[in-house]
Amino acid sequence: MKNLRKKVLFVLLAIVMIGGTFGAYAYWDNLSQEDTNITIGVGQGVTLNVDLDAAIPANTYLIPAGAIQKPGDVYEIVLEYTVVLSTEVSTALNLSVVASNVAINGSSANAGLVNIAINAPATINNVEQTVTVTITLSEPTTPAAYQAIANGSITFDLTFTAAQ
């Protein structure tokens, strides 16, 4: 009986030891974990700010080069714009300035007489840049074209774009 008790006790002890070993491995080999508290910040965009620095003086009229000037007549109008990014950027952006929708007296029929020369830097970064736009007028080739634009107004759109 004593031997039987020892054998049973030995078997129970072996079972407990083996069970404890499996339990320990099951605990240490738990390879699943969940992280539900992840926070990622969302940034904000950059704005291209454009300010007109040199406006057209009042009572100024554009005439073709070589035409006889009267008071207030000029051969060219020069506009200056300051462009700057609202936020610092890590790499310079390509700057594009395009004139479109040119019209004289609301009509694009003689828009080809308007010459718009844009002098802009190729890139923009964290420093203010100056864009110069020079507008001149070509001589109309016919009396009808002259009548269509005389005492009229020139309108156009400028589109400033900064992109990578």
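Just so we're clear, the structure is a prediction, and the values are computed from it rather than from any experiment.

Draft legend 1. Representation of a negative patch on the surface. A contiguous patch of negative charge, built from Asp51, Asp53, Glu80 and Glu128, is present on the exposed surface. Here aspartate 51 shows up in strand S1 (residues 48-52).

Draft legend 2. Representation of unusual backbone geometry within the structure. With a phi angle near 55 degrees, asparagine 59 is a residue other than glycine that sits in the positive phi range. The backbone of asparagine 101 sits at a positive phi, close to 50 degrees, despite the residue not being glycine. Judged by its relative accessible area of 56%, asparagine 101 is exposed.

Draft legend 3. Structural detail: the nonpolar core. Within the largest apolar cluster, 23 residues are counted, with the highest numbers of intra-cluster contacts made by Tyr81, Val131, Val133, Ile135, Leu137 and Phe160. For this core, the secondary structure elements donating two or more residues are strand S4 (76-85), strand S5 (93-104), strand S8 (129-137) and strand S9 (154-163).

Draft legend 4. Main features of the sheet that holds strand S7 (residues 123-124). The strand order across the open sheet formed by three strands is S7-S5-S9, and the pairing between neighbours is antiparallel. Only two strands of the sheet have a single neighbouring strand rather than two, namely S7 and S9. Strand direction decides the pairing type here: S5 and S9, joined by nine bridges, are antiparallel. Each residue of the ladder has a partner; that of alanine 99, found in S9, is leucine 158.

Draft legend 5. Molecular detail of the sheet that holds S1. Across the sheet, four strands lie side by side as S1-S4-S8-S6; this open sheet has antiparallel pairing. The open sheet has two edge strands with one neighbour each: S1 and strand S6 (114-119). With direction set aside, neighbouring strand axes in the sheet form an average angle of 25 degrees.

Draft legend 6. Layout of the confidence of the model for the protein chain. A residue-level look at the protein chain finds 84% of positions with pLDDT of 70 or above and a mean pLDDT of 86. Taken element by element, the predicted model of the protein chain shows its lowest mean pLDDT in helix H1 (residues 2-28) (61) and its highest in S6 (97).

Each value, and the rule that gives it
- For every chain, the first residue of its written sequence is number 1, and the numbers climb from 1 along that sequence.
- The predicted nature of this model means local features are confined to residues of pLDDT at least 70 and side-chain atom pairs, given and counted, to a pLDDT of 80 or more, with totals for whole chains, interfaces and linings taken over all residues.
- The side-chain figures draw on all heavy atoms in the structure; neither hydrogens nor water molecules are used.
- Grouping into patches uses exposed residues only, defined as over 30% relative accessible area, and leaves out salt-bridged ones; the cut-off is 9 Å for like charges and 5 Å for nonpolar side chains (Val, Leu, Ile, Met, Phe, Trp, Tyr).
- Note that accessible areas follow from Shrake-Rupley with a 1.4 Å probe, and for residues the cover is restricted to the protein chains shown.
- Salt bridges are defined as contacts in which a side-chain nitrogen from Lys or Arg sits within 4 Å of a carboxyl oxygen from Asp or Glu.
- Under the convention used here, Asp and Glu are negative, Lys and Arg are positive, and both His and the chain ends fall outside the count.
- In plain terms, the charge of a residue is placed at NZ if it is Lys, CZ if Arg, CG if Asp and CD if Glu.
- Runs of E in the DSSP output that reach at least two residues are strands. Runs of H or I that reach at least four are helices, and both are numbered from the N terminus.
- Residue exposure (1.4 Å probe, protein chains only): buried if accessible area is under 20% of the type maximum, exposed if over 50%, otherwise partly exposed.
- Residue types Ala, Val, Leu, Ile, Met, Phe, Trp, Tyr and Cys, when buried and joined through side-chain atoms within 4.5 Å, form a set referred to as a nonpolar core.
- Here a strand pair is declared whenever DSSP counts at least two bridges between the two strands.
- Lines are fitted to the C-alpha atoms to define the axes, a helix being fitted only along its stretch in contact, and any angle between axes, read from their N-to-C directions, falls within 0 to 180 degrees.
- The predictor attaches a confidence to each residue, called pLDDT, with possible values from 0 through 100.

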